[in-house]
Amino acid sequence: MDKVKIGIIGTGSISNVHIQGYKKLPNVEIVAACDINEERVKAAAEKYDIPNVFTDYNEMLNSVELDGVSVCTWNNAHAPASIAALKAGVNVLCEKPMAMNAEEAEEMLKVAEESGKLLMIGFVKRFEEKTAAVKRFIERGELGEVYYGKIGYTRRRGNPGGWFSNKELSGGGPLIDLGVHVIDQVRYVMGKPKAVSAYGATFDKIASRTDIDPTGEYVAADHSKSGEFINNVEDSAIGVIKFDNGATIFIETSWVQHVKEGQTYLELYGSHAGISLEPKLQIAGDKDEFMVNWEPVFTPNDGFGIIFDRETAHFVECIQKGIPCRCPAEDGLEVMKILDAIYKSAETGKEIDIK
Ligand SMILES: NC(=O)c1ccc[n+]([C@@H]2O[C@H](COP(=O)([O-])OP(=O)(O)OC[C@H]3O[C@@H](n4cnc5c(N)ncnc54)[C@H](O)[C@@H]3O)[C@@H](O)[C@H]2O)c1
C-alpha cells in the first residue's frame, strides 16, 4: 500500500484532532471530507488542504478511493455512516459512543465481520499512559483481586447543547457522552470482564431552570449560546455495574450538577492494594504490619491532542500492518450494553441483567 487514504465524515469540533493526528503521519493523506453542513466542510477542506468535499457520505464513498474513514458525526449517524463505509470496503474509526444503543452496535459489528474490514471505536483513554500504567499494575497482581471501584466524569456546567442534548440525535446525556469513556476505561484496565447486570438512576433537576446557562466550554458546532436549544436528556446519572469477575463498580456522570468542581476519576480497590488515578497515580496498600501509600515518580504525557495522535496513528498502523486493534468493535458493543442497562434501570427502577 502506498499512502493510506483517509476520509473524514463529520467535520465539527472533534474532527480537528483526528485530522491533526493524520496530518502528522508521513504515510497518510486525507483525500476527502464530508459534512451535511456544506459551509463547515468547505472551511475544513480549506483549513487542512483536503481536495474532495461532499455533503453526503454515500457519494463520498462511491466517488473516492479510501482506505479508512473517521466517523466524527452526531451519535445518530455513527451506525449508518460506519455501516456504509464498511460495506464500501473501507476501514472505520468510529468516535465514541459506538452507536445510539446496543442494537445498532450489534448490527455494526455484524457488518464489520462480514466485510472483513476493521471497525475501531474511538476509546481514546486507552491511549493514555496513565491508563496503561493502571492496566500494568493490575496485570502484575499489585492490587490482588479487584473487587470494587468508583469511576466518574462530572461537570458543574457542561451541557454541550446543540445535538448533544437532543435525545433523538445523541441517544442520551452525560451517561452516554462522558460515562462511555470511564466505563470503557475501567473494563479495559480490569482485563475486559463481562458486565452481568446494572442498576442506575438518571436525574433532570437543573435543565429546566431558565436562570442559569447550563453550557460550558465544550459545545456542539451547531450550538448557539444565544438561541434556545432542545434539552430532553438527563443532567446527571449514576449506576452500579456488576461484572463476571465479581467486581462491582459505581459510576457517576454529570453535565450540570452542583459539584464544587467537575472531575474525571477512577479508583479501584483490590485485596492487596487500592489505586487512584486522579489527580495523580497513587497506591494504598500494606507492607509487613504497616499501611503504606506509594506514588510512582511518573508524569504521564497525556495531553488532549497527544492521545488522539496515538489513536489515529494506531488506526493507520492497523490498516497498514493488520496488527490487532486496541479498540475493537466487540468492546464498543459491551459498553453499549452497559449504557442501555443503566438507562433501562433508571426507567424501570430495577436492576437489569446484561446478556
Ligand atoms: N473522544 C472524545 O473525547 C470526544 C470528544 C468530543 C466529541 N466526541 C464524539 O465525536 C462526535 C462528534 O462530536 P463533536 O463534538 O465534533 O460534534 P459537532 O457538533 O462539533 O460536530 C459533528 C459534525 O457532524 C456533522 N454531521 C452530523 N450528521 C452527519 C452526517 N449524517 N453526515 C455527515 N456529517 C454529519 C455535523 O454537521 C457536525 O458538523 C460525537 O459522537 C461525540 O460523542 C468524542
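Further up the page is the structure itself.
Residues numbered from 1 in each chain as written. Predicted model: local features only at pLDDT ≥ 70, side-chain atom pairs only at ≥ 80, totals over all residues. Heavy atoms only, no water.

Visitor: Break down the nonpolar core for me, with residues and values.
Guide: One finds Tyr 22, Val 69, Leu 119, Ile 183, Met 190 and Leu 268 to be the most contacted residues of the largest nonpolar core, which totals 113 residues. No other element matches the nine residues that helix α10 (residues 329-348) contributes to this core. When residues of this core are assigned to domains, at least three map to each of domain 1 (4-124) and domain 2 (126-304 + 336-353). Among residues more than four places away in sequence, those in contact with Tyr 22 are Ile 6, Ile 8, Val 28, Ile 30, Ser 70, Leu 93, Thr 312, Phe 315 and Val 316. (Core = buried A, V, L, I, M, F, W, Y, C linked by side-chain atoms within 4.5 Å. Buried < 20%, exposed > 50% of the residue type's maximum accessible area, 1.4 Å probe, protein only. Helix = DSSP H or I, 4+ residues; strand = E, 2+ residues; numbered from the N terminus. Domains from an automatic or database assignment. Contact = heavy atoms within 4.5 Å.)

Visitor: Let's hear about the pairing of strand β9 (residues 236-243): which residues, and what values?
Guide: In terms of strand pairing, strand β8 (residues 195-203) meets β9 through eight bridges, oriented antiparallel. The residue of β9 that forms the bridge with Ala 198 is Ile 241. As defined by bridge partners, β9 adjoins strand β10 (residues 248-254) across seven bridges and the pair is classed as antiparallel. Each bridged residue has a counterpart across the sheet, and for Ile 241 the counterpart in β10 is Ile 249. Here β9 folds back onto β10, and the loop between the two strands holds four residues, one of which, Gly 246, carries a positive phi near 95°. (Pairing = 2+ DSSP bridges.)

Visitor: Help me get a handle on the packing of helix α1 (residues 15-23) against helix α9 (residues 304-321), residues and values and all.
Guide: Orientation of α1 relative to α9, taken along the N-to-C sense of each, is 60°, at an axis distance of 8 Å. Taken as axis vectors, α1 and α9 run oblique relative to one another. The handedness of the crossing between α1 and α9 is right-handed. Judged by residue contacts, Val 17, His 18, Gln 20, Gly 21 and Tyr 22 of α1 engage Phe 304, Gly 305, Phe 308, Asp 309, Glu 311, Thr 312, Phe 315 and Val 316 from α9. (Axes fitted to C-alpha atoms, helices over the stretch in contact; angles between N-to-C directions. Parallel < 35°, antiparallel > 145°, perpendicular 65-115°, else oblique. Left-handed = near helix turned anticlockwise from the far one by under 90°.)

Visitor: Can you lay out unusual backbone geometry for me, pointing to particular residues and giving the numbers?
Guide: The step from Lys 96 to Pro 97 runs through a cis peptide bond, and the omega angle for that step is -15°. Mapped onto the secondary structure, Pro 97 falls in the loop between β5 (91-95) and α5 (102-115). Residue Pro 279 follows Glu 278 across a cis peptide bond; omega there is 0°. Secondary-structure assignment places Pro 279 in the loop between β12 (273-276) and β13 (282-287). A positive phi angle, close to 60°, is found at Asp 49, a residue other than glycine. Relative to the elements of secondary structure, Asp 49 occurs in the loop between α2 (38-48) and β3 (52-54).

Visitor: So, the site of the ligand: which residues are in play, and what are the values?
Guide: Residues in close proximity to the ligand total 25 residues, the closest being Asp 35, Arg 40, Asn 75, His 78 and Tyr 218. Protein coverage of the free-state accessible area of the ligand, which is 840 Å², stands at 94%. Here the residues of the shell around the ligand sort into 13 nonpolar, seven polar and five charged. (Near = heavy atom within 4 Å. Areas by Shrake-Rupley, 256 points an atom, 1.4 Å probe, with all protein chains shown as cover. Nonpolar A, V, L, I, M, F, W, Y, C, P; charged D, E, K, R; others polar.)

Visitor: I'd like to hear about the sheet that holds β3, residue by residue, with values.
Guide: Pairing is parallel across the open sheet formed by six strands, whose spatial order is β3-β2-β1-β4-β5-β6. The sheet is open, and its two edges are formed by β3 and β6 (119-122), each paired on a single side. Neighbour to neighbour, the strand axes of the sheet diverge by 25° on average, direction disregarded. Taken together, the three bridges between strand β2 (residues 28-34) and β3 define a ladder with parallel strand orientation. From the neighbouring strand, Ala 33 faces β3, where its bridge partner is Val 53.

Visitor: Outline the packing of aromatic side chains, listing residues and values.
Guide: Scanning all chains against the criterion turns up five aromatic pairs. Judged by centre distance (5.7 Å) and plane angle (80°), the ring pair of Phe 137 and Trp 294 falls under edge-to-face. Placement of Phe 137 in helix α6 (residues 129-139) and of Trp 294 in strand β14 (residues 290-294) is noted, with a sequence separation of 157 residues between them. Classification of Phe 137 as buried rests on a relative accessible area of 15%. Judged by relative accessible area, which is 36%, Trp 294 ranks as partly exposed. Judged by centre distance (6.2 Å) and plane angle (90°), the ring pair of Phe 164 and Tyr 218 falls under edge-to-face. (Phe/Tyr/Trp six-rings, centres within 6.5 Å; stacked < 30°, edge-to-face > 60°.)

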